[in-house]
Amino acid sequence: MSTIPDDADVPASRASASPASSSPVEPVVPGAVDVPSGRPAAVPTPEPGDPGLARLSLNQATVKYWSLTQAVDGCLRAGVPAIGVWREPVAEMGLARAASLLRRSGLRVSSHCRAGFLTRPDRAAALEDNRRAIDEAAELGAPCLVMVLGGMPDGDRDLVGIRERAADALAELVPYALQRGIRLALEPLHPMFCADRAVLSTLGQALDLAERFDAAAVGVVVDAYHVWWDPQVWEQIARAGAGGRIASFQACDWELPIPADALLGRGMVGDGHADVRALRRAVDAAGYDGDIEVEIFNERVWAADGDDVIATLARRHVQYVL
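So, here's what we can say about the structure. (Residues numbered from 1 in each chain as written. Predicted model: local features only at pLDDT ≥ 70, side-chain atom pairs only at ≥ 80, totals over all residues. Heavy atoms only, no water.)

Digging into the nonpolar core
Piece 1. Grouped together as the largest cluster of nonpolar side chains are 105 residues, with contacts concentrated most on Leu68, Ile83, Leu145, Met147, Leu184 and Ile237.
Piece 2. Beyond its immediate stretch of four places on either side in the chain, Ile237 contacts Leu203, Val222, Ile246, Leu279, Ala282, Val283 and Ala286. (Core = buried A, V, L, I, M, F, W, Y, C linked by side-chain atoms within 4.5 Å. Buried < 20%, exposed > 50% of the residue type's maximum accessible area, 1.4 Å probe, protein only. Contact = heavy atoms within 4.5 Å.)

Spelled out as C-alpha cells, the structure:
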C-alpha cells in the first residue's frame, strides 16, 4: 500500500489495457464488460449474498474519486460486505460522521489506511500524526492501521540506520496502539519504492521488525502487488502465519508496461502477471481467514464508472482469487 496520488491526470476516455499474454481464453458473458480493459466479461457478476463475496473488501483507493458515502453505497449495491477506508476521505467527511456512516451501513471495516512514514526528519510530528491515525482507526472500528514505514530522507544514504530509527519510533507507538486496541500492520513495498516510500522491501524484512513486538500489537500486510515477485514469499507467508502476524491480505495485479508513475501500475486481478490465487491460498493455509481487500492505483480504473469497477473486481475475485 502507498499514498493515493492527487495529481494524476484522469483521461476522458477509457483506454484499453493489454491482457497478460498468459491469460487463458474464457467464455464470454453477454452484456457485461470488464473495466478498464473493455473486454467482455468471462463470468457472471456475483449477486449480493453470493458466498463468493463473503470475504471481499473494497479498498477505497480503488474508487479514488468517490466520496466515502459513494463508496459505502457502491458496496451495498453490489453486496460487497467490507471496505478499507483512507484517512483523507474520512477527514473530508469528519471522523464522527464517517464512523456513524460505517456503523449504520453494516459494512465491516477491513483496514484504515495509512500511517507510518516514521523516517521523516521531524520525529515528533511523525509520532503525533500516527497517534491521530490510531485514534481514527479505533473510532472507525478498523482492526488494523496499515503502515508504510517511509523512505530515505534527502541526502541520507544510511539505509540500515534509517530502518533502525524507524523501528525505534515504532516502539514508541506500540503501547499506545495496544491501549486503543489497534494492530499496526507493516506493509513492505516493492524495492523500487525503497528510496521514496518504504525502506521495508520484503515480507521477511517486515516480519523481522514486527517480531520485536507482541503479535497483537504489530502484524504485516501481504499485498500481492508488492510481494508476488519474491522467491521467498511462500516461506515468509508461512512464517507470518505461524506467528499470527498476517493482519491484512490485499489483491491486485502487476501490469506491464510500468507507467511513468510506477505507483499507478496496479491492475485488475487477471490483467497482469501475479498469481494472486496462489498467494491467497498461501495466506489461507497460514491461518488467515480475514477480508481480501482489492486495492488498485490506476488512472484508467479511476476514470471508469465506480459501479462498473466494483462489478469487475467482484467477477475477477471469483474468477482469479478464490
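Anyway, onward from the coordinates.
Here's the deal with the pairing of strand E7 (residues 246-251)
Piece 1. Counting buried residues along E7, six of its six residues qualify, which places the element largely inside the surrounding structure.
Piece 2. By the bridge criterion, four bridges tie strand E6 (residues 218-223) to E7 in an arrangement that is parallel. Pairing of Val221 across the sheet is with Ser248, part of E7.
Piece 3. Strand direction decides the pairing type here: E7 and strand E10 (residues 292-294), joined by three bridges, are parallel. Note on E10: the bridge partner recorded for Ala251 is Val294. (Helix = DSSP H or I, 4+ residues; strand = E, 2+ residues; numbered from the N terminus. Pairing = 2+ DSSP bridges.)

Here we look at empty space enclosed by the protein
Piece 1. All chains considered together, the criterion is met by one cavity of 30 Å³ or more.
Piece 2. Approximately 30 Å³ is the volume found for the largest cavity.
Piece 3. Around the largest cavity sit Met268, Val269, Val294, Leu313, Arg316, His317 and Val321, which together line it.
Piece 4. With four residues, the single largest contributor to the lining of the largest cavity is helix H11 (residues 306-321).
Piece 5. Its residues placed into classes, the lining of the largest cavity shows five nonpolar, one polar and one charged. (1 Å grid on protein atoms, 1.4 Å probe; cavity = no way out; pocket = protein on both sides within 12 Å on 5 of 7 lines; lining within 4 Å. Points joined across faces, edges and corners; volume = space filled by probe spheres on them. Nonpolar A, V, L, I, M, F, W, Y, C, P; charged D, E, K, R; others polar.)

Topic: the environment of Ser111
Piece 1. For Ser111, the location among the structural elements is in strand E3 (residues 108-116).
Piece 2. Between the C-alpha atom of Ser111 and that of Ala247, which follows or precedes it by 136 residues, the distance is 9.0 Å.
Piece 3. Once residues within four sequence positions are removed from consideration, Ser111 is found in contact with Asn59, Ile83, Gly84, Val85, Ala142, Pro143, Cys144, Val146 and Glu293.

Observations concerning the packing of aromatic side chains
Piece 1. In the structure shown here, the tally under the stated rule is five aromatic pairs.
Piece 2. Relative to Trp254, the ring of Tyr225 has its centre 4.8 Å away and its plane inclined at 25°; by these criteria the two rings are stacked. With Tyr225 in helix H7 (residues 224-227) and Trp254 in strand E8 (residues 253-254), the pair connects residues that are 29 residues apart, well separated along the chain.
Piece 3. Judged by its relative accessible area of 2%, Tyr225 falls in the buried class. (Phe/Tyr/Trp six-rings, centres within 6.5 Å; stacked < 30°, edge-to-face > 60°.)

Let's talk about the packing of helix H1 (residues 68-78) against helix H3 (residues 95-105)
Piece 1. Running from N to C, H1 and H3 point in directions that differ by 10°, and their axes come no closer than 11 Å. By the angle between their axes, H1 is roughly parallel relative to H3. Touching Leu68, Thr69, Val72 and Leu76 of H1 are Ala98, Leu101, Leu102 and Ser105, all from H3.
Piece 2. Residue composition of the contact of H1 with H3, by class: six nonpolar, two polar and no charged. (Axes fitted to C-alpha atoms, helices over the stretch in contact; angles between N-to-C directions. Parallel < 35°, antiparallel > 145°, perpendicular 65-115°, else oblique.)

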